[in-house]
Amino acid sequence: MSERDGKFVLPIGPQHPSLKEPCSFKITLDGEVVEKAVVEIGYNHRGLEKACESRTFVQDLYIIERVCGICSHAHTSAFCRCVEEMCGLLVPRRAEYIRGIVGELERLHSHLLWLGVAAHEIGFDTLFMYTWRDRERVLDMLAAIGGNRINYGVNTFGGVRRDLEPELIAEIGRVMDALEEKLKYYFELALVEPALIGRLSGIGILRPEDVRRFSAVGPVARAAGIMDDTRIIEPYGVFREIAVNGVTDDHCDVYGRTIVRVKEMLESVRLIRVMLRELPDGPISVKAPRRVPAGEILIRVEAPRGEDIHYVRSTGGDMPDRVRVRAPTEANWHGMSYMLEGFHLADVPIIIAAIDPCYSCTDRAVRLTDAGGSSLHAWEELRRLGIERYQSLGIDPSGIRLREFPRG
Amino acid sequence: MKKKLHLPGELAGQAIRNVFAKPATIDYPHGDPSIPANYRGRLVYDAPRCINCLMCMRDCPSKAIRIENRGTKENPDMHAYLNVARCIFCCQCVDSCPKKCLSASNDILLARLSRDELSVEL
């Protein structure tokens, strides 16, 4: 703890700042109140986009699956849809339904995990134990479908890798029945438990205008009454056939985000039931080519934490030329300082946890310090400046031939 | 907050019921971990069916599997080696194999005491 101008600057992290992932927060305190908060990410940079660009599309599928330890299916869904759109593949209906079922099971286990973590952050460890116990049932189902608890490996280009057997469908139905009962209980609890309401209400406020200003996504935006669910505003896959009842709330605070997530879990249970009931017969995949036609594409998918954006560019080979992953947490970080300022130090862990941050998903940016302003250069101008810079260092790169790629 | 606030302790009834309920966890390693039959665990290799196409090696994202023919082209003697420390158990090799000579088992007991022991022949 250091003192500056009569204010305390409290460093939180990078080890274990409320969640078990590395991130650093510099909190300037005026007494107990947070006056200024500076978020420093970048401790968990893994270079996964570059790794994708040096491997084949098939290999990339498993790197993309490991972008996030929770929303692995959302990431592979987005990446698969990128490749399928570029190859012009028509995914079988049964495969779309299975993708939808796994996606909603993933949303259930992600939100149950979050509810447990949030309860733990406010010292409500009983609820933490209960929600994580229930989450295990969902993980057991995911393991039975895909063969693994977290990295299910269900998606492949042109469909899914695993089919749903009738016994498994019946078992998922039974788990949904048991889970719905528990979720309704948690929802009732969230509405009446004074400890929960008192601890979560009125903190980490992000109003609709702030949501638009900081481009927040997912339950953070929906808790401010902004419906940004990609399944509704831009339906994809199975959601073109099955309508999603959007969930919003107008509390604009951490309590609102809790309500949104619990209601979304109940909606996920309903969606899984509908998808299981209407699961069509037929093949589960179509053969995908190894080489992807040249082009570029951007796909949006609704991950449990919000809108997940994938951009893929191909030059016609079996490796992508560029892969860009914009995980939902990356969008939610921008409003974090604003959400923390003005609230008590004791509220910092739960406000951070309320956006359900995933640090390793996000850490891809390079931050320039003392960059000295900004300027806009055309491509040729930028290349000339680069060559001049290297020539001043005694290296002449002007003879290097760039790989041609049709721009524009 | 317009909702009527109750006294703290909404969870009390549930908590008391759970005191007498059986544990949600299992007594591992003594209990049954109930691994699903189609779990992606240790790989199983059926050497006589292998045609040495090396598609598994080509598609492996972590370069964990290696196929070696110690015989001749006419009289093959196929062997598969797996670096369990590198394997991410995605089982893309199983999907890529055109002759279905690789398959996943639900054996999850793969821990060893040294790194060298993690390089195994399938």
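For the structure, see preceding data.
What you are looking at is a predicted structure, and each value in this text was computed from that prediction instead of being measured.

## Remarks on the sheet that holds strand β9 (residues 320–326) of chain A
The strands making up a sheet associate through hydrogen bonds between their backbones, and the pairing can be parallel or antiparallel. Residues and elements named next belong to chain A. A sheet is described by the order of its strands in space; here 3 strands give the open sequence β7-β8-β9, paired in antiparallel fashion. Two strands close off the open sheet at either side, each with one partner strand: β7 (295–303) and β9. Here the strands of the sheet are splayed against their neighbours by 15° on average, with no regard to which way each runs. Across 9 bridges, β7 lies against strand β8 (residues 306–314) in antiparallel orientation. Bridging from a neighbouring strand, V301 pairs with D308 of β8. Each of β8 and β9 touches helix α2 (residues 57–65); the most contacted strand, β9, lies at about 15° to it.

## Regarding the packing of helix α4 (residues 93–121) of chain A against helix α11 (residues 254–277) of chain A
Residues and elements named next belong to chain A. Contact pair α4 / α11: the axes reach a minimum separation of 9 Å and the direction vectors enclose 155°. With respect to each other, α4 and α11 are oriented roughly antiparallel. Along this stretch, α4 crosses α11, giving a crossing that reads as left-handed. Each of Y97, G100, I101, E104, L105, R107, L108, H111, L112, W114 and L115 in α4 lies in contact with α11, whose residues at this interface are T258, R261, V262, E264, M265, S268, V269, L271, I272, M275 and L276.

## Describing the interface of chain A and chain B
Many authors give the size of an interface as the accessible area that is lost as the parts come together. Every contact between the two is made by 35 residues of chain A and, on the other side, 29 residues of chain B. Together, the buried faces of chain A and chain B total about 2,700 Å²; carbon and sulfur atoms form 51% of this surface. It is Q59, R161 and R290 of chain A that lose the most area in chain A upon contact with chain B, and together they represent 20% of the buried surface on that side. Counting across the chain A and chain B interface gives 3 salt bridges. Of the charged contacts, one joins D318 of chain A and R58 of chain B as a salt bridge, the two residues approaching to 3.7 Å between their closest N and O atoms. Summed over the shared surface of chain A and chain B, the result is 17 residue pairs in polar contact (both at pLDDT 80 or more). Put simply, the parts of the chain that give the side of chain A that touches chain B at least two residues each are α2, α5 (125–146), α6 (166–192) and α7 (194–200) of chain A. Ranked by residues supplied to the side of chain A that touches chain B, first place goes to α5 of chain A with 8 residues. Within the side of chain A that touches chain B, the residues separate by chemical class into 16 nonpolar, 9 polar and 10 charged.

## Notes on α6 of chain A
Each α-helix turn comprises 3.6 residues. Residues three or four places apart therefore point the same way. All names here are of chain A. The end-to-end C-alpha separation of α6 is 39 Å, in line with the 39 Å expected for 27 residues at 1.5 Å each. Buried within α6 are the following residues: L168, I172, V175, M176, L179, L183, Y186, F187, L189, A190, L191 and V192. For α6, the secondary structure elements touched by its buried residues are α4, α5, α7 and α11.

## Description of the pattern of salt bridges
If you walk through the whole model with that rule in mind, you get 42 salt bridges over all chains. Among the ionic pairs, E68 of chain B bridges to R70 of chain B, the shortest N-O distance being 3.6 Å. Put simply, E49, K50, E53, R322, R324 and E330 of chain A are held in one network by salt bridges that share partners.

Rules used throughout
Residues numbered from 1 in each chain as written. Chains lettered and ligands numbered in written order. Predicted model: local features only at pLDDT ≥ 70, side-chain atom pairs only at ≥ 80, totals over all residues. Heavy atoms only, no water. Pairing = 2+ DSSP bridges. Helix = DSSP H or I, 4+ residues; strand = E, 2+ residues; numbered from the N terminus. Axes fitted to C-alpha atoms, helices over the stretch in contact; angles between N-to-C directions. Contact = heavy atoms within 4.5 Å. Parallel < 35°, antiparallel > 145°, perpendicular 65-115°, else oblique. Left-handed = near helix turned anticlockwise from the far one by under 90°. Buried area = accessible area lost by both parts, 1.4 Å probe. Salt bridge = Lys/Arg side-chain N within 4 Å of Asp/Glu carboxyl O. Polar contact = N/O pair within 3.5 Å; in protein donor to acceptor, adjacent residues only side chain to side chain. Nonpolar A, V, L, I, M, F, W, Y, C, P; charged D, E, K, R; others polar. Expected span 1.5 Å × (residues − 1). Buried < 20%, exposed > 50% of the residue type's maximum accessible area, 1.4 Å probe, protein only.

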